[in-house]
Amino acid sequence: MTETYHPHAIEVKWQRKWEDSQLYRSKVDWSKPKHYALTMLPYPSGDLHIGHWFAMTPSDARARWMRMKGYNVLFPMGFDAFGLPAEQAAISRNIHPWKWTYANIERMREQLRSMGAMFDWEREAISCTPEYYKWSEWFFKRFYEHGIAYRGSALVNWSESLQTVLANEQVIDGKDERTGQPVAHKMMEQWFFRITQYADELLDFAGMDWPQAIKIMQTNWIGRSEGARAVFHTEVGGHPIEIYTTRPDTLWGATFMVLAPEHDLVEKITTAEQRAAVEHYIDEIAAETEIERMMEHREKTGVFTGAYAINPVNDERIPIWIADYVMITYGTGAIMAVPAHDQRDFEFARAHDLPIRVVIQPADMTEPLSDEAMSEAYDGPGLMVNSDAMNGSESDWRKGRKNPAINRVIDWLEATGKGEEAVNYRLRDWLISRQRYWGGPIPMMYDGDEIIPVPDAELPVELPEDVDFMPTGRSPLTYHEPFFKVDDSIRRETDTLDTFMCSSWYQLRYLSPDCATAPFDAEEAAYWLPVDVYTGGAEHAVMHLLYTRFFTKALRDIGVFDATAAAMRRHGREPAGVFDEPMTVLRNQGQVLGGEHQGDFVLCSGRMDGGKMLAERIEVVDWNQVPAGFDGIFGEIAHRTENVLHVDMAGITQFVEVLPGAVIHIPAIPGANNVNQLSHHLEIQRMSKSKGNVVNPDELVEQYGADVVRCYLMFNFDWQKGGPWNENNIKGPQGWLHDVWEIALAGAPESASDLSAERNIERKLHQTIAVVNRGLEEFSFNTAIAEQMKFKNALKAALRTGGIGAEMWRALMSQLIRLLAPFAPHIAEELWALLGWEYSVHEQPWPQYDADKAREELVELVVMINGKPRETIAVAVDIAQERAQELALASEAARRSLAGKPPKRAIFIPGRNGSDPKVNIVV
RNA sequence: GCCUCCGUAGCUCAGGGGUAGAGCGCUCCCUUGGUAAGGGCGAGGUCAUGAGUUCAAAUCUCAUCGGAGGCUCCA
């Protein structure tokens, strides 16, 4: 008699037991190697969704595997709990952000527990608690003291809908990355972190095992370029205008200059005649949103300031314009325009009738470039011309000093004091202030213009709870007098910290979330740091993942890790390099998308009215079952809006308006049907409530059990890619776990042990171990599970055939269950107990791969004729070349095709790692 | 426009110079006192397309087409 597999009781039972026995408490133990596995902490938005499961359960499986391999594993979890949704809930539903956030955290904790993950809950950290944000404030102060945090005036991104400024990284295509609302540029005084100081170090990924895509995105975002700075002066007044260029070799081709409309000098140099036009243009630009300004292919607009500059390289007098294609935020906000060799300048010159002068002449052109004939800028290689002493220098494709012409010009600029070599970055300093309530307070005060840091002893500056949320969206801190009014002259900062600051160091807080004397305990950090494996979404490429790297380096430089380094040395661990980067290995999971489903196939009858049908009857039928003689519209419902159907009739979209009293017949839904019950085609796309394609993990766990859901998520997708949800495929992992259950409960076979049968299944087992190891190592969870399914099939077949003795059966089961444990922790624990082994399976050693046991003994020697396989001969694995060639030449296939003639060649390919040996005979 | 990654069975994916693979799904058969099932047999692929290198290309190179993601007036 066997019991059937009922996941529910098992899962709840073991989750409780694990907690009671503190199975997943991770404690510093210098006698064991450590492994810090971290998965991005969730925002407590209310409900755990399938994406969380997809991100976390495979990471959990890998952490469990490391643990069984003998590592002391830390796998913590917490909440990134500050942020706008809480504040929006406060405004729209009158729930205080504390209450909303904590209620959500409570709920999500429970849901997280249902995963059966090995989170160490005693290390939980929640970023919105005063115990946590005290240290966010403390870090801010340290940064301020070391000049990494500063208050400055800059053109920043202002989101009208969120009523706050945003960092550059949070703005995509001129829109706020969260809500998609447009942002405007505004000059504001704000707090910044000097991330640009770390630009070069952030470009260095040496020793970091991160996805190529992330490294490229960060590299692009930092946007390092090499070139030169040169100073032009205005003809009148001699004001210096600094410019940055990557093409100093084209300095002699500058025929005008362009300043960004926001440039300081504009006001000073604009002549009386041009003032009205310039001011008008500036107003126009200011009114534009960032989106409008970034539109592609827009015309190059701009106005002449009336002023002229002197080109330092040739003393030429050139006009100064302003135009919005020059950004105040990049370089110096001013450019020398070289229309012959820069497409933007070229377009501007043509639009405003400015001169063009060729200064790079390509060597291999039949027709030399000429100012008049050019239809576009030439930015290729060539020889410098019209450039005085520099003429003849060769400019190639290379950038910076590597380019001979650029190198020569830079030397000359430096020798003559007209300019110097320069490096420029696209990266801006990190704008850290937010005009919001629900964030960590910035621990600063103001007495007029004087900035006064809040003394350390007074940290944390706590968020007041008795605040009113106004529908205007303004932060309640700005009108909460007890908060901002320190005394008659001193006013407290009412801006709060960007939540990305809180998440830049949470990996440190997990080490000692209760530590009251420091942000983290040095003894813990000395053992656990750095994070060994970090998993999460790629959408954080240039935000969280860049910020946390910067943060770590900044902490290192201001000495925050000094005590940790000392503790490391005491324990004999070398601290050099440990604090350079927060996470050694990074892997991104893909996204689970909503599944595709077909729309109903309908027959529509009614009358035609213009291009559409006014339907009186809609009938859902089986796919393509169109009755003979049916003359209405038929096909799949591709789309439906209200009562208008878009029916795909053999590839052509037909519009059908369903009339109010129309008869709708849907056989699958009994009773009277209505138009809302017709289902339309659903594309593969992101899950969202509005599309009605979300999958609720709680329901899945209810129906299948957590182990099946975990295994389905790991098995059905390439984890790093993601893919469409297909609940049908859940049956695969379900059947697998059912089978393993059956095999285990059936007990040891009674058949006598047969050496060769046992040897064969053992070989399969060890081959499986190798593949599972590799799958887990490489985050290829799907292959790791597929291989275990194969082994299960092989085992089942072997048990049926017989020859597996009781002893071997137990040995196999012991290893099979241990292999299963990281993936399906509950069923593995249950079977482990049922077979009488000691609690817990998760504390057992991982099955040891044995290459000798995995090796095949007999292999097929493949005889190929001209590269085409023709015959196989069974031979020993380690067959020697001569013997193999001999056998191959003697084969039937070889004799047939050689017909007595000697072969041209016979190439022997030894069999290696699993593949058969081969001999290719060339005739 | 530029950069990166990817096109292998119906689906999800391994593999990767040397006989085209897995799981699921599917067909058919068996079982029907393991039953919201179980067992067995099987079908199914010009490895996106074209060219090159090679004794041998799904695999390497180049081009083209298709897909995904990122950047984009960056001087």
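The model shown is predicted, which means the values in this text are computed figures rather than measured ones.

Q: Please explain the overall build of chain A as it appears in this structure.
A: A tally of helices and strands in chain A yields 28 helices and 37 strands. For chain A, the C-alpha atoms occupy an extent of roughly 105 × 90 × 85 Å along the three principal directions. Within chain A, residue pairs in contact and separated by at least 24 positions form 72% of the contacts whose partners lie at least 6 positions apart. Entry remark: accessible area of chain A is about 41500 Å², with carbon and sulfur atoms responsible for 50%. Here chain A contributes 92 positive and 133 negative side-chain charges, whose respective centroids are spaced 6 Å apart.

Q: It is not clear to me how the packing of aromatic side chains should be interpreted in this structure. Could you clarify?
A: Two numbers describe a pair of aromatic rings. These are the distance of the centres and the angle of the planes. This model, assessed by the stated rule, comprises 48 aromatic pairs. Each ring, one from tryptophan 138 and one from phenylalanine 139, has its centre 5.6 Å from the other, and the planes form 70°; the classification is edge-to-face. Per residue, the accessibility class of tryptophan 138 equals that of phenylalanine 139, and both read buried. Ring centres of tyrosine 506 and tyrosine 510 lie 5.3 Å apart, and the angle between their planes is 85°; on these two criteria the pair is classed as edge-to-face. Sitting over the ring of tyrosine 308, arginine 317 keeps its end group 3.7 Å from the ring centre. If you follow arginine 491 out to its NZ or CZ, it ends over the ring of phenylalanine 484, 4.2 Å from the centre.

Q: What am I meant to see in the environment of arginine 556 here?
A: Assignment of secondary structure puts arginine 556 in helix H17 (residues 544-557). Sequence separation between arginine 556 and glycine 629 is 73 residues; the distance between their C-alpha atoms is 80 Å. A polar contact is formed between the side chain of arginine 556 and the side chain of glutamate 201, at a distance of 2.8 Å.

Q: Help me understand the protein's contact with RNA strand B in this model?
A: What surrounds RNA strand B is a group of 45 residues, the closest being Asn716, Lys796, Arg800, Lys918 and Asn920. Within 4 Å of the protein, the contacting atoms of RNA strand B are 63% sugar and phosphate, with bases supplying the remainder. Between RNA strand B and threonine 246 there is a distance of 2.5 Å, counted from a sugar or linking oxygen to a backbone nitrogen or oxygen. Taking asparagine 716, its main chain carries an N or O atom lying 2.2 Å from a sugar or linking oxygen of RNA strand B. Only helix H7 (212-222), strand S9 (240-245), helix H21 (731-746), helix H23 (781-801), strand S34 (858-865), strand S35 (868-876), strand S36 (905-909) and strand S37 (918-922) provide two or more residues apiece to the surface near RNA strand B. The dominant element in the surface near RNA strand B, judged by the number of residues it contributes, is H23, at seven residues. Of the residues in the surface near RNA strand B, the class split is 17 nonpolar, 13 polar and 15 charged.

Q: Would you mind going over the sheet that holds strand S14 (residues 360-361) with me for this structure?
A: Across the sheet, which stays open at both edges, the three strands sit in the order S14-S15-S16 with antiparallel pairing between neighbours. In the strand order of this sheet, the two ends are held by S14 and strand S16 (394-395), each with one partner. Relative to S16, strand S15 (residues 382-384) is paired through two bridges, and the arrangement is antiparallel. Counterpart to leucine 383 in the pairing with S16 is glutamate 394.

Q: Just checking my understanding: could you explain the pairing of strand S25 (residues 583-589) for this structure?
A: Along any regular strand the residues' side chains alternate between the sheet's two faces. Counting buried positions along S25 gives six out of seven residues, so the element sits mostly inside the fold. Across six bridges, the pairing between strand S24 (residues 531-537) and S25 is parallel. Looking at S25, one finds that valine 531 is bridged to methionine 583.

Q: Explanation requested: the confidence of the model for chain A in the structure shown.
A: Predicted coordinates in areas of low pLDDT are best not read in detail. The predicted model of chain A averages 87 in pLDDT, with 94% of residues at 70 or higher. Predicted as a complex, the structure gets a pTM of 0.88 and an ipTM equal to 0.89.

Q: Would you mind showing me how to read a negative patch on the surface here?
A: Residues Glu131, Glu462, Glu465, Asp466, Asp468 and Asp514 make up a contiguous surface patch of negative charge. Looking at the secondary structure, you find glutamate 131 in helix H5 (residues 130-145).

Q: Help me out: how do you make sense of the pairing of strand S7 (residues 183-193) in this one?
A: Judged from the 11 bridges that link them, strand S3 (residues 149-159) and S7 form a sheet pairing that is antiparallel. Each bridged residue has a counterpart across the sheet, and for leucine 155 the counterpart in S7 is methionine 187.

Q: Honestly, the pattern of salt bridges in this entry has me stumped. Any pointers?
A: Opposite charge on two side chains permits pairing when their charged atoms draw close. Overall, the coordinates contain 52 salt bridges when judged by the stated rule. When the shortest N-O distance is used, the salt bridge between arginine 570 and glutamate 523 registers 2.8 Å. Here arginine 570 is found in helix H18 (residues 562-570), whereas its partner glutamate 523 is found in helix H16 (residues 522-528), with 47 residues between them in sequence. With a relative accessible area of 59%, arginine 570 lands in the exposed category. Residue class for glutamate 523 comes out partly exposed when judged on its relative accessible area of 33%. Salt-bridge contacts for arginine 549 lead to glutamate 581; the nearest nitrogen and oxygen are separated by 2.9 Å. Taken together, the residues span a long stretch of sequence, with arginine 549 in helix H17 and glutamate 581 in the loop between H18 and S25 at a distance of 32 residues. As far as burial versus exposure is concerned, arginine 549 and glutamate 581 are alike and both buried. Within this structure, Glu201, Arg549, Lys553, Arg556, Asp557, Asp580 and Glu581 form a network of salt bridges that share partners.

Q: I keep staring at the packing of helix H20 (residues 706-715) against helix H25 (residues 825-834) and nothing clicks. Help me out?
A: For any two helices packed against each other, one specifies the inter-axial angle together with the distance between the axes. Orientation of H20 relative to H25, taken along the N-to-C sense of each, is 125°, at an axis distance of 7 Å. Classified by the angle between their axes, H20 and H25 sit oblique to one another. Contact residues: H20 offers Ala706, Asp707 and Arg710, while H25 offers Pro825, His826 and Ile827. Looking at side-chain class alone, the contact of H20 with H25 contains three nonpolar, one polar and two charged residues.

Q: Would you mind going over the side chain of arginine 62 with me for this structure?
A: You can see arginine 62 is positioned in helix H2 (residues 50-68). Among residues more than four places away in sequence, those in contact with arginine 62 are His35, Val533, Leu776, Glu777, Phe779 and Phe781.

What counts, and where the lines are drawn
Within any chain, residue numbers begin from 1 and follow the written order of that chain's sequence. By the order in which they are written, chains take letters starting at A while ligands take numbers starting at 1. Local features in a predicted model are, by the rule used here, given only for residues with pLDDT of at least 70; side-chain atom pairs are given and counted only at 80 or more, and totals for whole chains, interfaces and linings are based on all residues. Excluding hydrogens and water, the side-chain values take into account all heavy atoms of the structure. Strands are runs of DSSP state E lasting at least 2 residues, helices are runs of H or I lasting at least 4, and numbering of each runs from the N terminus. Residues are treated as being in contact if the distance between any of their heavy atoms lies within 4.5 Å. Residue-level accessible areas treat just the shown protein chains as cover; the underlying method is Shrake-Rupley with a 1.4 Å probe. In summary, the charge assignment counts Lys and Arg as positive and Asp and Glu as negative, without counting His or the chain termini. Taken as the charge centre is NZ of Lys, CZ of Arg, CG of Asp or CD of Glu, depending on the residue. Note on aromatic contacts: the rings of Phe and Tyr and the six-membered ring of Trp form a pair at centre separations within 6.5 Å, being stacked when their planes are under 30 degrees apart, edge-to-face when over 60 apart, and tilted otherwise. Three labels apply to residues, based on accessible area from a 1.4 Å probe with only protein chains included: buried if under 20% of the type maximum, exposed if over 50%, partly exposed otherwise in between. As a reminder, the over-ring test applies to NZ of lysine and CZ of arginine, requiring each to be within 6 Å of the ring centre and within 35 degrees of the ring normal. For the purposes of these results, a polar contact is taken to be a pair of N or O atoms within 3.5 Å, where, inside protein, one atom must be able to donate a hydrogen and its partner to accept one; residues adjacent in sequence count only when each atom of the pair is a side-chain atom. Any residue with a heavy atom lying within 4 Å of a molecule or strand is counted as near it. Following the grouping adopted for this structure description, the nonpolar residues are Ala, Val, Leu, Ile, Met, Phe, Trp, Tyr, Cys and Pro, the charged ones are Asp, Glu, Lys and Arg, and the polar ones are all others, Gly among them. Note on pairing: DSSP must find at least two bridges between two strands before they are called paired. For every residue, the predictor states its confidence as a pLDDT score lying anywhere from 0 to 100. Each patch groups residues whose relative accessible area exceeds 30% and which form no salt bridge, using 9 Å between like charges and 5 Å between nonpolar side chains of Val, Leu, Ile, Met, Phe, Trp and Tyr. Throughout this description, the term salt bridge denotes a Lys or Arg side-chain nitrogen within 4 Å of a carboxyl oxygen of Asp or Glu. Interaxial angle, 0 to 180 degrees, is taken between N-to-C directions of lines fitted to C-alpha atoms, where a helix line uses only the stretch in contact. Any angle that is under 35 degrees is reported as roughly parallel, and any over 145 degrees as roughly antiparallel; angles of 65 to 115 degrees are reported as roughly perpendicular and all others as oblique.

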